[in-house]
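Report on the structure
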Amino acid sequence: MSAVAELGDKLAKLTIAEAVELKNYLKEKYQIEPAAGGVMMAGPAAGGGGAAAAPAAEPTEFNVVLEGVADPGKKIGVIKVVRELTGQGLAEAKATVEGAPKDIKTSVDKKTAEDLKKKLEEAGGKVSVKPA
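Right, let's walk through the structure included here.

Cut-off values and rules
Residues numbered from 1 in each chain as written. Predicted model: local features only at pLDDT ≥ 70, side-chain atom pairs only at ≥ 80, totals over all residues. Heavy atoms only, no water. Helix = DSSP H or I, 4+ residues; strand = E, 2+ residues; numbered from the N terminus. Buried < 20%, exposed > 50% of the residue type's maximum accessible area, 1.4 Å probe, protein only. Contact = heavy atoms within 4.5 Å. Areas by Shrake-Rupley, 256 points an atom, 1.4 Å probe, with all protein chains shown as cover. Pairing = 2+ DSSP bridges. Axes fitted to C-alpha atoms, helices over the stretch in contact; angles between N-to-C directions. Expected span 1.5 Å × (residues − 1). Arc of directions from axis to C-beta.

Description of the overall build of the protein
Along the backbone of the protein there are 7 helices and 3 strands. Traced from its N-terminal end to its C-terminal end, the protein shows the element sequence α-α-α-α-β-α-α-β-α-β. With 132 residues in all, the protein has 21% of them scored as buried. Sequence separation of at least 24 residues holds for 65% of the intrachain contacts in the protein that already meet a minimum separation of 6. Element-wise, carbon and sulfur atoms account for 57% of the exposed surface of the protein, whose accessible area totals about 8900 Å².

As for the sheet that holds strand β3 (residues 125-131)
The strand order β2-β1-β3 describes an open sheet built from 3 strands, whose pairing is antiparallel. This sheet does not close on itself; its edge strands, each paired only once, are β2 (102-108) and β3. Averaged over neighbouring strand pairs, the angle between their axes works out to 20° when direction is ignored. Strand direction decides the pairing type here: strand β1 (residues 62-69) and β3, joined by 7 bridges, are antiparallel. Bridging across to β3, L66 finds its partner in V127. The strands touched by helix α7 (residues 110-123) are β1, β2 and β3; relative to β3, the strand with the most contacts, the crossing angle is about 165°.

Focus on helix α5 (residues 75-86)
In this model, α5 (12 residues) spans 16 Å end to end at C-alpha, consistent with the 16 Å of a helix rising 1.5 Å per residue. For α5, every residue scored as buried is listed here: V78, I79, V81, V82 and L85. Mapping the buried residues of α5 onto a view down its axis gives an arc of 165°, with all of them on the same face. In α5, the exposed positions that point more than 90 degrees away from the buried face belong to I76, K80 and E84. Packing partners of the buried residues in α5 comprise β1, α6 (90-98), β2, α7 and β3.

With respect to the environment of P101
Structurally, the position occupied by P101 is in the loop between α6 and β2. When its relative accessible area of 52% is taken as the criterion, P101 is described as exposed. In sequence terms P101 and V65 are 36 residues apart; their C-alpha atoms lie 6.5 Å from each other. Ignoring sequence-local partners within four residues, the contact set of P101 consists of V65, L66 and E67.

Written out as structure tokens, the structure reads:
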């Protein structure tokens, strides 16, 4: 069994009091702060590779948000596109446009989000795409 596996097994068997003691020791001796979840969350970060891989993951779902109308003269065009994309009635779509910022579509893939953004911008809307 490797030294890393042995250390991992020892860490997994710590009591809460021992885990707190370990956290305090690492903080005082090495200035290592555990993640919000506790000492066990700090384990992958010490290895070097685990913590760097998580933030690098690209989101796969996005929300398309209508931020407003870029040109007030194009408001009707934006309302028409919102109706087309959401299936809302005229009054609902008008309220959505006037109440911006509003989500137009949620949890869609990147290509769909970019297509919807392009369509809304061509109609005169100000749009942002945010990770879901």
